[in-house]
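# Structural characterization, general
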Amino acid sequence: MKNIVLVGFMGTGKTSVGKMLSMCLDKPYISVDDIIEKKEGLSITDIFAGKGEEYFRKLESEIIREISGREDQIIDTGGGAVLNEGNIAALKRSGVLFCLTALPETIYNRVKEQAHRPLLKVDDPRKKVAELLSVRKQFYEMADHMVPTDDLDVAHISGRIIDVLNRLESEKEIPDVSGYFAGLYGLLINKIFHYASVPIMITSGEGDVCFANSEFIEIFGLGFADIRGKCWIDLVVPQNNRNEAREKFSSIMEYGKAIKFTILVSDKTGRTRFYNWIVDTLVSGGEKHLIFAGLNCHDTVGLDINVQPAAAQEMIDRIFSMSWDEDLETSKHSMKVMVYSLELADRIGLPEKEKEILRSAALLHDIGKIAMNEKILLKDGKLDDIEYEHIKNHIKYGVDMIRPVNILEEILPVIDSHHENYDGSGYPKGLKREEISLPARILSIADIFDALTSLRPYRRSFPIEEAIRIMRKEKGKKLDPELTDIFIELVKNGSMDAKIRNIDDKNGYKR
Ligand code: S3P
């Protein structure tokens, strides 16, 4: 596949977006400036100061020619790389060029505190940004796609680029229907739903299939081309049951909430059997879709639509169990956090409804980590500032991934604030005390306790007494003091030990 080349002025986010794309798309990230610095053993500033801009530009062209000879990489170029038309030609031969753009004022605000850009070390950098931009405009416009970045964060900018790439792919008629859902949500579908052990399909409001996972395709013996745009009823329901299935489908659309129903389907051998589907609505790109997760059920004979609140819970369990194969450690951690959270919730008499929300939030609180760079996630050592910033993004990725899943709406605020600190020093919003919801304060205690008592790639696990000591120190800082005291009591009386041991011994997820 062609390279994805990021061009654009300084401060438009090429590096952060490049790294994000690299992990989302699982392709190597190559920075022209990094290669130059490595080759010369000097920083860009020192090369400019000691050897001059002309020398730098010559090196830049050499490197660009060299890396353009390879494919399937994310290339991050310096802001001046496109001033040379030879560079543009070389990059275009093997890549698609995305130019990140931003207004002069946005750029100035982004770069004013950064000291590493020699061209902006002048008396009036604001003026210099505007001047350079106007001279370079015509070169930047030679890119294949322009991507405005003002007011957008890295995840959204990357999502837009992935959207364009998906569109380009689908124009090439690549038989993969998953491209229908773009950006981070598409990633969730690809990474989790695609290889799930239960059949998953997503349809439009009219019932036309826009996504089907490998299991679905296997069971019903269908190819991607057979599926795309066809109504699921015509594909999998036997002829004489179709009217009934259509009626059910309309009621599902009207009901608009997670439901469970059983229906007869015929598999690839032509055999008919009952399938139990959990269905929920998804809103993606402003359009309403339905997601179906299936389970073969030999014994079920009832055909009535069975509206159950438990269906939402079951869907969450299925989504979670799918993530088990992706990342066993995170899944185990999430289950332990769920046990700790629920025990604390029980102890303080949290209402049933909030407990359900807490349960699901605990299971899915780290789901954003599937979009993270594994090298950073599993790094054997302390994270540097940039890596830490990257890790912090798992909250935003998680929220972005599950936002379209209707039933998960209520758990979003809890996931979003499980790294907020009681004293306001947390992220992403810096909320404090009761501004952080009770379920989120509980989740954060459970999360920290499990993190401390589990082995991490960068440190040993702490013994319980040591973990308790650390948590006591965090009372009123990271942690809600009253809840922490109650939690410590629970830990001391050992009531959760058996459940936790059970999870530690497991190799797969079962409710
Ligand atoms: C430059 C941009 C810098 C770096 C060098 C020159 C430019 O890269 O290549 O300082 O001419 O705009 P970034 O755009 O990554 O800051």
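Each chain carries its own residue numbering, running from 1 in the written order of its sequence. Selection of residues for local features in this predicted model requires a pLDDT of at least 70, selection of side-chain atom pairs for listing and counting requires 80 or more, and totals for whole chains, interfaces and linings are taken over all residues.

## Examining the environment of Gly79
As for its position among the elements, Gly79 is in the loop between strand 3 (74–76) and helix 5 (85–94). Exposed residues have 12 or fewer other C-beta atoms within 10 Å of their own C-beta, buried residues have 20 or more, and partly exposed residues fall in between, where C-beta atoms are placed from the backbone. We classify Gly79 as buried; it has 23 C-beta atoms within 10 Å. The spacing of Gly79 and Thr12 is 67 residues in sequence and 8.9 Å in space, taken between C-alpha atoms. Contact criterion: two residues are in contact if their C-beta atoms, reconstructed from the backbone, are within 7 Å. Discounting chain neighbours no more than four positions away, the residues touching Gly79 are Gly8, Phe9 and Met10. Strands are runs of DSSP state E lasting at least 2 residues, helices are runs of H or I lasting at least 4, and numbering of each runs from the N terminus.

## Topic: the nonpolar core
As a rule of thumb, soluble globular proteins bury nonpolar side chains together. Ranked by size, the top nonpolar core spans 72 residues in total, and within it Val7, Phe98, Leu358, Ala361, Leu443, Ile445 and Ala446 carry the most contacts. Each of domain 1 (3–171) and domain 3 (316–504) accounts for three or more of the residues forming this core. The residues touching Leu443, leaving out its near neighbours within four places in the chain, are Val337, Ser341, Leu358, Ala361, Ala362, His365, Val414 and His418. Throughout this description, the term nonpolar core refers to a group of buried Ala, Val, Leu, Ile, Met, Phe, Trp, Tyr and Cys residues whose C-beta atoms join them within 7 Å. Listed in part, the 28 residues of the second largest apolar core include Phe211, Phe216, Ile252 and Leu290. An automatic or database domain assignment supplies the start and end points of every domain.

## Looking at the pairing of strand 7 (residues 209–212)
Pairing between strands is defined by DSSP: at least two bridges between the two strands are required. Relative to strand 7, strand 6 (residues 200–204) runs antiparallel, the two being bridged by 3 bridges. The partner of Met201 across the bridge, within strand 7, is Ala212. Joining the antiparallel neighbours strand 6 and strand 7 is a turn of 4 residues, in which Gly207 adopts a positive phi near 95°.

## What to know about the environment of Ala115
Looking at the element boundaries, Ala115 is found in the loop between helix 6 (104–111) and helix 7 (125–140). Separated by 70 residues in the primary sequence, Ala115 and Thr45 place their C-alpha atoms 9.1 Å from one another.

## Notes on the packing of helix 21 (residues 438–453) against helix 22 (residues 464–473)
In a pair of packed helices, the angle between the axes and the distance between the axes together describe the arrangement. Axes, fitted as lines to C-alpha atoms, cover a helix only where it is in contact. Angles between the N-to-C directions of the axes lie from 0 to 180 degrees. Two elements in contact, helix 21 and helix 22, have axes separated by 9 Å at closest approach and are oriented at 140°. Relative to helix 22, helix 21 is oriented oblique. For helix 21 against helix 22, the interelement crossing comes out right-handed. The segment helix 21 lies against helix 22, with Ile448, Phe449, Leu452 and Thr453 engaging Ile464, Ala467, Ile470 and Met471. Polar here means any residue outside two lists: the nonpolar Ala, Val, Leu, Ile, Met, Phe, Trp, Tyr, Cys and Pro, and the charged Asp, Glu, Lys and Arg; Gly therefore counts as polar. Residues that form the contact of helix 21 with helix 22 fall into these classes: 7 nonpolar, 1 polar and no charged. The labels follow the angle: roughly parallel below 35 degrees, roughly antiparallel above 145, roughly perpendicular from 65 to 115, and oblique for the rest. By convention the crossing between two helices is left-handed if the near helix lies anticlockwise of the far one by an angle smaller than a right angle, and right-handed if it lies clockwise.

## Points about the sheet that holds strand 4 (residues 95–101)
Strand order in the open sheet formed by 5 strands is 2-3-1-4-5, and the pairing between neighbours is parallel. Lying at the two open borders of the sheet, with one neighbouring strand each, are strand 2 (29–31) and strand 5 (145–148). Within the sheet, the average angular offset between the axes of one strand and its neighbour, ignoring direction, is 25°. One ladder, built from 3 bridges, connects strand 2 with strand 3; its direction is parallel.

## Comments concerning the site of the ligand
Whether a residue is near a molecule or strand depends on its C-beta atom, placed from the backbone, lying within 6 Å of it. Within the structure, the ligand sits among Met10, Lys14, Asp33, Ile44, Gly78, Gly79, Gly80, Arg117, Pro118 and Leu119. Along the lines of polarity and charge, the residues of the shell around the ligand split into 4 nonpolar, 3 polar and 3 charged.

## Digging into the confidence of the model for the chain
On average, residues of the chain score 83 in pLDDT, and 83% of them are at 70 or above. Below pLDDT 50 for its whole length, residues 299–309 participates in 16 contacts with residues either more than four positions away or in separate chains. The pLDDT score gives, residue by residue, the confidence of the prediction method on a 0 to 100 scale.

## A few points about unusual backbone geometry
Across the junction of Tyr427 and Pro428, the peptide omega takes the value 5°, indicating a cis bond. Of note in the backbone geometry, Asp26 takes a positive phi value of approximately 60° without being a glycine. As for its placement among the helices and strands, Asp26 is situated in the loop between helix 1 (14–25) and strand 2. Judged by local crowding, Asp26 falls into the exposed class, with 10 C-beta atoms found within 10 Å. If you check the backbone angles, Asp151 has positive phi at about 65° while not being a glycine. You can see Asp151 is positioned in the loop between strand 5 and helix 8 (154–171). For Asp151, a count of 9 C-beta atoms within 10 Å translates into the label exposed.

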